[in-house]
Amino acid sequence: MDKLKPLQKVKRFIRQQGIDYSHITLAQFIDDNMAGVSEFDLWLCILVNQEVEQGNVCVTLDSVIDKSRALGWSDWPLTDITPSNELNQLLMDSPVVGTADNVTPLILDQQRLYLHRFYQNERFISNNLLVRAQSKASLSVEVCQQINRLFSPEAELDYQQLALINSLRYALSIISGGPGTGKTWVVARILEALIQQSS
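Residues numbered from 1 in each chain as written. Predicted model: local features only at pLDDT ≥ 70, side-chain atom pairs only at ≥ 80, totals over all residues. Heavy atoms only, no water.

A. Expanded view of the sheet that holds strand 1 (residues 58-60). One open sheet accounts for 4 strands, arranged 1-4-3-2; its pairing is mixed. Across the chains shown, the open sheet's two edge strands, defined by having one partner strand only, are strand 1 and strand 2 (97-98). The sheet contact formed by strand 2 and strand 3 (residues 106-109) spans 2 bridges and is parallel. In the sheet register, G98 faces strand 3, and the bridge partner there is I107. Along the sheet, helix 3 (residues 39-53) makes contact with strand 1, strand 2, strand 3 and strand 4 (112-115), crossing strand 4 at roughly 85 degrees. This element, helix 6 (residues 116-133), spans strand 3 and strand 4 of the sheet and lies at about 105 degrees to strand 4. (Pairing = 2+ DSSP bridges. Helix = DSSP H or I, 4+ residues; strand = E, 2+ residues; numbered from the N terminus. Contact = heavy atoms within 4.5 Å. Axes fitted to C-alpha atoms, helices over the stretch in contact; angles between N-to-C directions.)

Written as structure tokens, this is what we have:
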């Protein structure tokens, strides 16, 4: 019978599998700073940390069990759980899982689990983008004249002109398009117009 403590079991598995050492550091930090942490709690943090290493900021709850199995964690408590309500109950009971206003290692938001830092970063960026998207400015007569000089008045609709105008009117603009559609040209004209506005 395996009588190793949860942290010891987690460390042993990480070493055996050759998984990145950052997971041991994370598990050790959580075990040192939180009371009543179970093996489930540690594995859950490692699973989300593994997802971050793969370039994602979170893991969706509907993929937690499959991802744990794919990583070969056969001793992880979730491998025998299939109903989502059982997973939800485990998450609600876990000391490492909280909601948006909690200071816990993991944050559960809209069926997605984040490491706390990545959740806060995403929320900060999202809030700033929303504020910028609502900010609008008027164009000076000089800038309007400058825009008119760049484009043919006969054209019915010029998407480069529209992109230029939108970028100058709104604090947030996204310019997209395939190769050769004039994205770099538009950005250069935006910079010229911004310099004109500030002088």
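More follows now that the structure is in view.
B. View of the packing of aromatic side chains. Enumeration over the complete set of coordinates arrives at 1 aromatic pair. Arranged with centres 5.2 Å apart and planes meeting at 65 degrees, the rings of Y114 and Y119 form a pair that is edge-to-face. Residue Y114 is classed as buried on the basis of its relative accessible area, which comes to 1%. (Phe/Tyr/Trp six-rings, centres within 6.5 Å; stacked < 30°, edge-to-face > 60°. Buried < 20%, exposed > 50% of the residue type's maximum accessible area, 1.4 Å probe, protein only.)

C. Quick peek at the layout of surface pockets. Computed from the structure, the largest pocket encloses a volume of approximately 270 Å³. As for the largest pocket, its lining consists of 13 residues, and the residues nearest its centre are L26, P105, L115, H116 and R117. Elements that contribute at least two residues to the lining of the largest pocket include exactly helix 2 (22-33), helix 3 and helix 6. It is helix 2 that provides the largest number of residues to the lining of the largest pocket, a total of 4 residues. Quantified by volume, the second largest pocket comes out at close to 220 Å³. Looking at the second largest pocket, it is lined by 15 residues, and the ones nearest its centre are Y159, Q160, A163, I175 and S176. Among the secondary structure elements, those contributing two or more residues to the lining of the second largest pocket are helix 8 (159-169) and helix 9 (183-198). Per element, the largest residue contribution to the lining of the second largest pocket is 6 residues, and it comes from helix 8. Among the residues forming the lining of the second largest pocket, the class breakdown is 6 nonpolar, 8 polar and 1 charged. (1 Å grid on protein atoms, 1.4 Å probe; cavity = no way out; pocket = protein on both sides within 12 Å on 5 of 7 lines; lining within 4 Å. Points joined across faces, edges and corners; volume = space filled by probe spheres on them. Nonpolar A, V, L, I, M, F, W, Y, C, P; charged D, E, K, R; others polar.)

D. Looking closely at the nonpolar core. Core analysis: the largest hydrophobic core is formed by 29 residues, its most contacted members being L44, L91, L106 and L113. The set of elements that each furnish at least two residues to this core consists of helix 1 (6-17), helix 2, helix 3, helix 4 (61-70), helix 5 (84-93) and strand 4. The biggest single contributor to this core is helix 3, with 9 residues. One finds V143, L168, V186 and I190 within the second-largest nonpolar core, a separate group that totals 9 residues. (Core = buried A, V, L, I, M, F, W, Y, C linked by side-chain atoms within 4.5 Å.)

E. Fine view of the packing of helix 1 against helix 3. Two numbers describe how helix 1 lies on helix 3: the axes approach to 8 Å, and their chain directions differ by 40 degrees. Along this stretch, helix 1 crosses helix 3, giving a crossing that reads as right-handed. Within the contact between the two elements, helix 1 uses P6, L7, K9, V10, F13 and I14 and helix 3 uses E39, L42, W43 and I46. Here the residues of the contact of helix 1 with helix 3 are counted per class, giving 8 nonpolar, no polar and 2 charged. (Left-handed = near helix turned anticlockwise from the far one by under 90°.)

F. Seen up close, helix 8. Taken together, the buried positions of helix 8 are Q161, A163, L164, S167 and L168. Buried positions in helix 8, seen along its axis, are confined to an arc of 160 degrees and lie on one side of it. If you follow the buried residues of helix 8, they end up packed against helix 7 (141-150) and helix 9. N-cap assignment for helix 8: the residue whose side-chain oxygen lies 2.9 Å from the backbone N of Q160 is D158. (Arc of directions from axis to C-beta. Polar contact = N/O pair within 3.5 Å; in protein donor to acceptor, adjacent residues only side chain to side chain.)

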